[in-house]
Amino acid sequence: MRGINMKRTDFMGLAQLIQEKYHALTKSEKRIADYLLKNQEQAVYQTMKDVTEAVKVGDATLIRFSQKIGFHGFSDLKIAIAKEEFTSQYEGDNDRQFYDRILENQIKVLESTRQLLDSEVVLLAIEALTKAKRIYIIGVGSSGLSAASLEKMLLRVGVHANHIVDPHFQAHALALLGPEDLVICFSLSGRTKDIHDSLKIAKENHTPIIAITNFKSSPIAELGDIVLQTANEEFFDGGSLAGKISQLFISETLVRGYEINNKIKTVELREKVLRSIIDKVLD
């Protein structure tokens, strides 16, 4: 059963696979099939628990369903869905200027991220930044790069923060924080285990948490006191430019908002920084 039709699933869409097997499914399995066909894009980012609770079936039923249509299990099924979506998104790149598609994707992500911004939540985040005695910014992988960028962006408005990408150092640093400090985390999926583990330590110390993530219902978002939502979904395209742009847009919003709300003397700060580095530029 585990190897059934695996070669065919490489080139068959989910809808076709389900249609071929639908008559052989049980009533419970048909409910799963109907749910996935209606929620294919969302299912990629859902856990087994999310789906089974939505359909009201057990884990074993979902596994049997996945195997009946030709996959090892639910994770294997999700990867196939993601592959199908990814392929459809990039079809036609040979027939047009591919960099036009890249630009369109970045614009779409920025517009979507802006639509998700709640001005009241942004103000709460700025207030938390203003009050914080110490600030740690955490992320791993691609999100770690965004954490490093936010550290530098905050420095330009006079805010000293530290970014940490190593999970062990994250645990060490966050264990020493308290209610007067602040943790900012980046995780597009909201399910990064290392980040979740680190945040639980901060939570135990009652340290405020700003979570920057795609999904408000994710485990990491649930640990956040303030949640700022990014818009890019990249289950199959991890580390894409769009994901970073969405995170950096949120970061720039926080920094600029802090600058305005705290009446930072922007020109004086910029001049001071410029004078400190101007001699490092070759004529």
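Remember, predicted model here, so these are calculated numbers, not experimental data.

Our next topic: the overall build of the chain. Looking only at helices and strands, the chain features 15 helices and 5 strands. Buried residues in the chain amount to 41% of all 283 residues. Restricting the contact set of the chain to residue pairs at least 6 apart, pairs at least 24 apart contribute 70%. Total accessible area on the chain stands at roughly 15900 Å², and carbon and sulfur atoms take up 55% of it.

With the rule as written, the count across this model stands at 1 cavity of 30 Å³ or more. The space that makes up the largest cavity amounts to roughly 50 Å³. Together, Leu-116, Leu-117, Asp-118, Val-121, Lys-216, Val-227, Leu-228 and Gln-229 line the largest cavity. For the lining of the largest cavity, the element with the highest residue contribution is strand S5 (residues 226-229), accounting for 3 residues. Its residues assigned to classes, the lining of the largest cavity shows 5 nonpolar, 1 polar and 2 charged.

Time to look at the nonpolar core. Ile-135, Ile-137, Ile-184 and Ile-210 are the most contacted members of the largest nonpolar core, which has 27 residues in total. Of all the secondary structure elements, the ones that give two or more residues to this core are helix H9 (119-131), strand S1 (135-138), helix H10 (142-155), strand S3 (182-187), strand S4 (209-213), S5 and helix H14 (241-261). A per-element tally of this core places H9 first, with 5 residues. When residues no more than four places from it in sequence are discounted, the contact partners of Ile-135 are Leu-129, Val-159, His-160, Ala-161, Asn-162, Leu-182 and Ile-184.

Moving on to the confidence of the model for the chain. Regions with low pLDDT carry predicted coordinates that are not meant to be interpreted in detail. Confidence in the prediction for the chain averages 86 pLDDT; 88% of positions are at 70 or higher. A low-confidence stretch, residues 1-11 stays under pLDDT 50, and its non-local contacts, those more than four residues away or across chains, total 17 contacts.

Analysis parameters
Residues numbered from 1 in each chain as written. Predicted model: local features only at pLDDT ≥ 70, side-chain atom pairs only at ≥ 80, totals over all residues. Heavy atoms only, no water. Helix = DSSP H or I, 4+ residues; strand = E, 2+ residues; numbered from the N terminus. Buried < 20%, exposed > 50% of the residue type's maximum accessible area, 1.4 Å probe, protein only. Contact = heavy atoms within 4.5 Å. Areas by Shrake-Rupley, 256 points an atom, 1.4 Å probe, with all protein chains shown as cover. 1 Å grid on protein atoms, 1.4 Å probe; cavity = no way out; pocket = protein on both sides within 12 Å on 5 of 7 lines; lining within 4 Å. Points joined across faces, edges and corners; volume = space filled by probe spheres on them. Nonpolar A, V, L, I, M, F, W, Y, C, P; charged D, E, K, R; others polar. Core = buried A, V, L, I, M, F, W, Y, C linked by side-chain atoms within 4.5 Å. pLDDT = per-residue confidence, 0-100.

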